[in-house]
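# Residue-level structural notes
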Amino acid sequence: MTTILQPDDATIAGMSEPARSRATRRVRGLSDRAIAWLFVAPTIALLLAINIFPLVWMIRLSFTSLNLSMSYLPLRFVGLDNFRDILTDEDVWFRLQTTAQFVIWSVALQVVIGYGLALLINRQFRGHSFWTTIILLPMMLSPAVVGNFWTLLLQPQIGPFNYVISLFTGVPPSSFSMTGQVALAPWTIVIVDTWMWAPYVMLICLAGLRSIPDYIYEAAEVDRASPWRQFWSITLPMTVPFLMLAVLFRAIENFKMFDMVNLLTSGGPGSTTELVSITLKRAAFEKWRTGYSSALAIILFVTVFGAANIYVKALNKVKQR
Amino acid sequence: MRTFNCLGSSAAATVLGAALLGMFGGGEAAAQSKQLTLCWAAWDPANALVELGKDFTKQSGIEMKYEFVPWTSYADRFLNELNSHGKLCDLIIGDSQWIGGAAENKWYVKLNDFFDKEKISMDDFVPATVVGYSQWPKNSPNYWALPAMADAVGWTYRKDWFSRPEIQSAFKAKHGRDLAPPKTYDELKQIAEFFQGREIDGKKVYGAYIFTERGSEGITMGVTNALYNYGFSYDNPKKPYQMQGIVNSSDAAKGLEFYKELYKCCTAPGMTNAYMQEGLDAFKSGQVAMQMNWFAFFPGLYKDPNVGGDKIGFFVNPAGPNAHFTQLGGQGISVVATSDRKNDALAYIKWFAQPAVQQKWWQIGGYSALKAVVDAPDFPKSAAFAPQFLESMGIVKDFWAEPSYAQLLLDMQKRVHDYVVADKGTAQQALDLLVKDWTKVFKEQGKQVASQ
């Protein structure tokens, strides 16, 4: 109990019981619960103002015809028309497929590379700290910087990337464009995303690897288990929850990936790398189709939220094993 | 009591602080009453406008503040500002396609009364710029902007390469005619093919640079130059919004096929998402023989120490088999309806419309649309690119300027880029899909769209 003022006992003694109780509360100041509310209230107010209110407003807008570039037109309630338009639009399904392919490939590569790096960094060797810092550098950069930086690296005539590929394959460097060819552009965004975020997966896996007690390995060695056997029977099973967590974080992030891909390819060539987040941005802030884009945002939110919930339940089951 | 005293002191300090902030805030507002913010794109002419604006400040005592945004985010940034009724800009040099939305949504102040009062006549300006930048509805006497920056798509070429005897003779041997700036799209392609992959001064060069950008408006602003000249129109002049058979006519499809052929045969590798800046870089680095770009950049290119002066030449967008047009660029200057300084902003427009100011505007790198400037007898000799600019302004055609232009533009960006760069489908399919997209947009806008 936090006491702000000490009451005068004689004054309180002279009052009736209810009056005394009220006076004590008033004089003694705020209760623990009130103080708790006082501390939580600003956060709740912010959450309501920044998250909940816009969400509710967006749900409302998703049932309207609002287009901000034609705000002089009367606002019409269109029911589920926006949702129907989206779910029956072939282009939106293509964009979802593109996004799913990007998420699956980039997360898979990040898990494999990140886990491999974590296994390497988990060993003690000379220059260990230096290499850890170097590996972590990409994830510390802003996606805007990464997008511009890779745009230059991948430039067919002056970018070093094509020259490196040319060294190994003998293909002339300016004969292909990583961001401009339909067959290569989707892989380009996967490669760049993996370059940037594999270190993040490495960090999570490293935490998992370091949480395995040494005595388990010591016992395995006593049982003459080979390093391979130790990996399959101890290391991998005990780090699976961490890997699953990394997959969850990266999948959610990549599902809403926008900035880096927008800078690298703008969704092109054509619509080859147009992720659903780019479609959403174009609908909301370039075409100004507010009602339609609100409905699309809700569909994406429900998709990610639903998938994440199913995944978290699976993760909990793995943890309980 | 100490706690309460502390709280009391804090509260008093906060109130006092707020009062002081209010005082300073008020002071700042008072100081800003003699300041105007002008919003535009960040490019060469904007620097010229800053120079020009110093004269306005000298005369009026009104400070000019500028908000320049790169072209790639120019529309997003300022349309968002206008949509949200922001007060960032007092004056805006908005793109020609915004005029419909700006007028219908009342983002701009209607200037008719002001023009009448100040005796500013739209007859004094180049007709294409009045229709393109000021009027809404088009061809009606309703003015929402003063033509500020006339612009169109034009071409630059390496005059020094074209004039080399060995190149000339090689071209003549191959094509049986002299190598000269192209007058038609067939000639353009022939020249581009001739230069493509040729070694000049020990360096491999490419035929042509054309717009292919996907994100904003690039490929549309490029492809329309070919489309118009092959017979494309936006709608039936006799039946507004009737696009079937017009937008996707077989001639229009041929124009689109031509643009793709030009892109495939004769551009530098990696130019899959390139617009103004990439074109300037390609030309300045001596990579291309011919470059499509906006006239606005030509003063800067002419001054370039490596490729400017005698080394650069200019030509008008070549004619096609069915017509001769070029894509209109440029912008008008408007007063933002939410501005608190409308009178000062109108004073700026009044000052800017003066012939002497317009003359200076042209001299320092802007493009005047005032007839007194461009129709002057010495105008064609005033700059190396002046004759081509003048000719181009007589054959301009603009994209839709409807309130829904952004949707129409993005649909075209998608369909054209899908076909030209991503090799998806045929030209006819791309245009058929475009008609479908545009029909949907116009129907949402409440327009009657006739199918035939």
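Residues numbered from 1 in each chain as written. Chains lettered and ligands numbered in written order. Predicted model: local features only at pLDDT ≥ 70, side-chain atom pairs only at ≥ 80, totals over all residues.

### Section: the overall build of chain B
- A tally of regular secondary structure across chain B gives 19 helices and 13 strands.
- Against the globule reference of 22 Å for 452 residues, chain B gives a C-alpha radius of gyration of 25 Å, in line with a compact fold.
- Here chain B holds 452 residues, and the buried ones make up 48% of them.
- Sequence separation of 24 or more characterises 73% of the internal contacts of chain B that already satisfy a separation of 6 or more. (Helix = DSSP H or I, 4+ residues; strand = E, 2+ residues; numbered from the N terminus. Rg over C-alpha atoms; globule rule 2.2 N^0.38 Å. Buried ≥ 20, exposed ≤ 12 C-beta atoms within 10 Å, placed from the backbone. Contact = placed C-beta atoms within 7 Å.)

### Brief notes about the overall build of chain A
- Helices and strands together make up the secondary structure of chain A, namely 14 helices and 0 strands.
- Listed N to C, the secondary structure of chain A is α-α-α-α-α-α-α-α-α-α-α-α-α-α in terms of helices and strands.
- A compact globule built from 321 residues should have a C-alpha radius of gyration of about 20 Å, whereas chain A, at 28 Å, is more than 25% larger.
- With respect to the principal axes defined by its C-alpha atoms, chain A has extents near 100 × 75 × 35 Å.
- With 321 residues in all, chain A has 29% of them scored as buried.
- The long-range fraction of contacts in chain A, counting pairs at least 24 apart against all pairs at least 6 apart in sequence, stands at 70%.

### A short note on the packing of helix α6 (residues 128–140) of chain A against helix α9 (residues 185–210) of chain A
Residues and elements named next belong to chain A.
- Interaxial distance between α6 and α9 falls to 7 Å at its minimum, and their mutual angle equals 120°. Between α6 and α9, the angle is such that the two are oblique. Handedness of the α6/α9 crossing: left-handed. Taken together, the residues of α9 that come into contact with α6 (itself represented by Ile 135, Leu 136, Pro 138 and Met 139) are Trp 195, Met 196, Trp 197, Pro 199, Tyr 200 and Met 202.
- Looking at side-chain class alone, the contact of α6 with α9 contains 10 nonpolar, no polar and no charged residues. (Axes fitted to C-alpha atoms, helices over the stretch in contact; angles between N-to-C directions. Parallel < 35°, antiparallel > 145°, perpendicular 65-115°, else oblique. Left-handed = near helix turned anticlockwise from the far one by under 90°. Nonpolar A, V, L, I, M, F, W, Y, C, P; charged D, E, K, R; others polar.)

### Considering the domain arrangement of chain A
- For chain A, the assigned domains read domain 1 (9–70) and domain 2 (81–320).
- Taken over C-alpha atoms, the centre of domain 1 of chain A sits 41 Å from the centre of domain 2 of chain A. (Domains from an automatic or database assignment.)

### Things to note about the nonpolar core
- The biggest cluster of nonpolar side chains holds 141 residues, and the ones touching the most others in it are B:Leu91, B:Ile99, B:Tyr108, B:Trp144, B:Ala208, B:Leu256 and B:Val288.
- Element by element, the count of residues in this core is highest for helix α18 (residues 405–420) of chain B, at 9 residues.
- Excluding its chain neighbours within four sequence positions, the residues that come into contact with B:Leu91 are B:Leu36, B:Leu38, B:Ile333, B:Val335, B:Val336, B:Ala345 and B:Tyr348.
- By size, the runner-up hydrophobic cluster in this structure holds 41 residues, among which are A:Met178, A:Met257, A:Leu275 and A:Ala295. (Core = buried A, V, L, I, M, F, W, Y, C linked by C-beta atoms within 7 Å.)

### A closer look at the sheet that holds strand β9 (residues 288–294) of chain B
All names here are of chain B.
- Within the open sheet, the 4 strands sit side by side as β8-β9-β5-β10. Their pairing is mixed. Strands at the two margins of the open sheet, each flanked by one partner only, are β8 (206–209) and β10 (312–316). Strand-to-strand twist in this sheet, taken as the mean axis angle between neighbours without regard to direction, amounts to 20°.
- In terms of strand pairing, strand β5 (residues 153–158) meets β10 through 5 bridges, oriented antiparallel. Each bridged residue has a counterpart across the sheet, and for Thr 156 the counterpart in β10 is Phe 314. (Pairing = 2+ DSSP bridges.)

### A word on the environment of A:Val112
Residue and element names in this part refer to chain A.
- Relative to the assigned elements, Val 112 resides in helix α5 (residues 90–121).
- Residue classification places Val 112 among the partly exposed residues on the basis of 13 C-beta atoms within 10 Å.
- A sequence separation of 150 residues divides Val 112 from Asn 262, and the C-alpha atoms of the two residues are 26 Å apart.

### Quick notes on the domain arrangement of chain B
Residues and elements named next belong to chain B.
- Considered domain by domain, chain B is made up of domain 1 (35–151 + 329–376) and domain 2 (153–327 + 403–444).
- With 16 residues of domain 1 in contact, the opposing surface of domain 2 contributes 13 residues.
- Breaking the side of domain 1 that touches domain 2 down by element, the ones donating at least two residues are α2 (44–60), α3 (71–83) and α4 (99–104).
- Looking at the side of domain 1 that touches domain 2 residue by residue, the class counts come to 6 nonpolar, 7 polar and 3 charged.

### Let's talk about the sheet that holds strand β1 (residues 35–41) of chain B
Residues and elements named next belong to chain B.
- Spatial ordering of the open sheet is given by β2-β1-β3-β12-β4, a layout of 5 strands whose pairing is mixed. Since the sheet does not close on itself, it has two edges, and those belong to β2 (63–69) and β4 (146–149), each with one partner. The average undirected angle you get between the axes of adjacent strands in this sheet is 30°.
- Here 2 bridges tie β1 to strand β3 (residues 91–95), and the two strands are oriented parallel to one another. Residue pairing for β3: Leu 38 is matched across the bridge by Leu 91.
- Where α2 meets the sheet, its contacts fall on β1, β2 and β4, and the angle it forms with β2 comes to roughly 170°.
- With respect to the sheet, α3 is in contact with β1, β2 and β3, its orientation differing from that of β2 by roughly 110°.

### Some remarks on the confidence of the model for chain B
Residue and element names in this part refer to chain B.
- Looking at chain B as a whole, its pLDDT mean stands at 92, while 92% of the residues score no less than 70.
- This stretch, residues 1–32, has a pLDDT under 50; its non-local contacts, to residues over four places away or in other chains, come to 1 contact.
- Listed scores for the predicted complex are pTM 0.86 and ipTM 0.81. (pLDDT = per-residue confidence, 0-100.)

### Comments concerning helix α14 (residues 342–352) of chain B
- Turning to α14(B), its buried residues are B:Ala345, B:Tyr348, B:Ile349 and B:Phe352. Along the axis of α14(B), the buried residues cluster in a sector spanning 95°; they form a single face. (Arc of directions from axis to C-beta.)

### Quick notes on the interface of chain A and chain B
- In this assembly, 29 residues from chain A lie in contact with 28 residues from chain B.
- Partitioning the side of chain A that touches chain B into residue classes produces 10 nonpolar, 16 polar and 3 charged.

### With respect to the pairing of strand β12 (residues 331–335) of chain B
Residue and element names in this part refer to chain B.
- Most of β12 is tucked away, with 5 of its 5 residues classed as buried.
- Every second residue of β12 is oriented toward a common face, with Gln 331, Ile 333 and Val 335 on one face and Gly 332 and Ser 334 on the other, all of them buried.
- In the sheet, β3 pairs with β12 via 5 bridges, with the strands oriented antiparallel. Paired with Gly 94 across the strands is Gly 332, a residue of β12.
- Of the pairings in the sheet, the one linking β4 to β12 comprises 3 bridges and is antiparallel in character. Its bridge partner being in β12, Pro 147 is matched across the sheet by Gly 332.

### Quick look at the packing of helix α10 (residues 218–230) of chain B against α18(B)
Residues and elements named next belong to chain B.
- Two elements in contact, α10 and α18, have axes separated by 8 Å at closest approach and are oriented at 75°. Between α10 and α18, the angle is such that the two are roughly perpendicular. Contacts between α10 and α18 involve Ile 219, Thr 220 and Val 223 from the former and Leu 409, Met 412, Gln 413, Val 416, His 417 and Val 420 from the latter.

### Brief notes about unusual backbone geometry
- The peptide bond linking A:Gly268 to A:Pro269 adopts the cis configuration, its omega dihedral lying at -5°.
- Looking at the element boundaries, A:Pro269 is found in the loop between α12 (259–264) and α13 (276–286).
- Look at the link from B:Trp136 to B:Pro137: it is a cis peptide, with omega at -10°.
- One non-glycine residue, B:Lys119, adopts positive backbone phi at about 60°.

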